[in-house]
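Okay, here's what each chain looks like letter by letter:
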Amino acid sequence: MLPVVVMLICSLIMNANCIRFNLEPNTRRCLKESMRKAILVSGEYDVSNPTGGRTDLQVLDSKGHTAFQRESIDKGKFVTIADEDDLYDICFTSYLSPGHGHATTEVHLELKHGVEAKKYENLAEVSKLKPLEMELTKLEDLSASIVADFEYMKKREEEMRDTNESTNTRVLYLSVFSMFCLFGLATWQVLYLRKFFKSKKLID
């Protein structure tokens, strides 16, 4: 009973994104997805193409490298693992032949990260694991994933703190420099006005 309860609780924090949208004919729409290094990411898509139309799928990293590409998709899956922390573009491009009106393409996409993306049923069949053993394996992977997430958040917090401290130092230097500039400008202005008034014999 305990493993089931733990799995139910942990399932609430698993990273899974689901989106549905309409794609206009002969247009391209890209969805941005943050992917972490060496973390498995799977996507399951279901595309309803109108008559005379087709849709292509392409997954690109921030440098423009293609991680996955397929033409004339309707329903299927893709799996990718990022080489480094990066922001990926998942692009759908629709094509509609002339003379088929202005029908839109309906796209449904579900993304899963990490443990959620793994197929434990297939692993159980290959390794001949019992249901309880499969659940324990999944719990073990999930625990490791949670620890990795905490380490990642800690690293990000340290990076943000370093950035914050660096920014504060630069702001301090800029403030001191601005004060010196204002002081110098005020001194020059006083000396200039004094010289001007003396030239006009308004002061001694």
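If you're wondering where the values come from, they're calculated on a predicted model, not measured in any experiment.

## Comments concerning the overall build of the protein
Along the backbone of the protein there are three helices and eight strands. Ordered by position from N to C terminus, the α and β elements of the protein give α-β-β-β-β-β-β-β-β-α-α. Relative to a compact globule of 204 residues, whose C-alpha radius of gyration would be 17 Å, the protein shows 30 Å and is clearly more extended. Taking the principal axes of its C-alpha atoms as reference, the protein extends roughly 100 × 60 × 30 Å. Relative to its full complement of 204 residues, the protein shows a buried share of 25%. Nonlocal contacts in the protein, meaning residues at least 24 apart in sequence, comprise 77% of its contacts between residues at least 6 apart. Considering the protein, the positive charge centre built from 27 side chains and the negative charge centre built from 30 side chains are found 11 Å apart.

## Examining the environment of Asn49
For Asn49, the location among the structural elements is in the loop between β3 (40-48) and β4 (53-60). The partly exposed category is assigned to Asn49, whose relative accessible area is 29%. Along the chain, Asn49 and Arg29 lie 20 residues apart, while their C-alpha atoms are 15 Å from each other. Beyond its immediate stretch of four places on either side in the chain, Asn49 contacts Arg54, Thr55, Ile73, Asp74 and Thr105. Within the structure, Asn49 has its side chain in polar contact with the side chain of Thr55 (distance 2.5 Å).

## Focus on the state of the cysteines
Every disulfide links exactly two cysteines, by a covalent bond between their sulfur atoms. Taken as a whole and judged by the stated rule, the model has one disulfide. Disulfide pairing places Cys30 opposite Cys91 at an S-S distance of 2.0 Å. With the S-S bond torsion at 110°, the cross-link from Cys30 to Cys91 turns out right-handed. Linking Cys30 in strand β2 (residues 28-35) with Cys91 in strand β7 (residues 86-96), this pair joins segments that are 61 residues apart in sequence. The structure places no disulfide on Cys18, whose sulfur is separated from the nearest cysteine sulfur, that of Cys91, by 19 Å. The class of Cys18 is exposed, set by a relative accessible area of 53%.

## Notes on the nonpolar core
In this structure, Tyr45, Leu57, Phe78, Ile90, Phe92 and Leu109 are the most contacted members of the largest nonpolar core, which totals 19 residues. Listing elements by their share of this core, those giving two or more residues are β1 (16-23), β2, β3, β4, β7 and β8 (105-113).

## A few points about unusual backbone geometry
With phi around 55°, Asn26 is a residue other than glycine that occupies positive phi space. In this structure, Asn26 sits in the loop between β1 and β2. Not every positive phi belongs to a glycine, and Ala38 is a case in point at roughly 60°. By the element assignment, Ala38 lies in the loop between β2 and β3. Residue classification places Ala38 among the exposed residues on the basis of a relative accessible area of 57%.

## Notes on a nonpolar patch on the surface
Taken together, the side chains of Leu185, Trp188, Tyr192, Leu193, Phe196, Phe197, Leu202 and Ile203 make up a nonpolar region of the molecular surface, amounting to roughly 810 Å² of accessible area. Note that Leu193 resides in helix α3 (residues 131-199).

## Some remarks on α3
For α3, which comprises 69 residues, the first-to-last C-alpha distance of 100 Å matches the rise-based estimate of 102 Å (1.5 Å per residue) to within 8%. Within α3 the residues assigned to the buried category are Met134, Leu139 and Leu142. A positive phi of about 60° marks Lys201, the residue just after α3.

## So, the confidence of the model for the protein
In the predicted model, the protein carries a mean pLDDT of 85, and the fraction of residues at 70 or more is 91%. Every residue in residues 1-14 scores below 50 in pLDDT, and together they form 11 contacts with partners more than four places removed in sequence or on other chains.

Here is what the cut-offs are and how they apply
- Residues numbered from 1 in each chain as written.
- Predicted model: local features only at pLDDT ≥ 70, side-chain atom pairs only at ≥ 80, totals over all residues.
- Heavy atoms only, no water.
- Helix = DSSP H or I, 4+ residues; strand = E, 2+ residues; numbered from the N terminus.
- Rg over C-alpha atoms; globule rule 2.2 N^0.38 Å.
- Buried < 20%, exposed > 50% of the residue type's maximum accessible area, 1.4 Å probe, protein only.
- Contact = heavy atoms within 4.5 Å.
- Lys, Arg positive; Asp, Glu negative; His and termini not counted.
- Charge placed at Lys NZ, Arg CZ, Asp CG, Glu CD.
- Polar contact = N/O pair within 3.5 Å; in protein donor to acceptor, adjacent residues only side chain to side chain.
- Disulfide = S-S within 2.5 Å.
- Core = buried A, V, L, I, M, F, W, Y, C linked by side-chain atoms within 4.5 Å.
- Patch = residues over 30% accessible without salt bridge, like charges linked within 9 Å, V, L, I, M, F, W, Y side chains within 5 Å.
- Areas by Shrake-Rupley, 256 points an atom, 1.4 Å probe, with all protein chains shown as cover.
- Salt bridge = Lys/Arg side-chain N within 4 Å of Asp/Glu carboxyl O.
- Expected span 1.5 Å × (residues − 1).
- pLDDT = per-residue confidence, 0-100.

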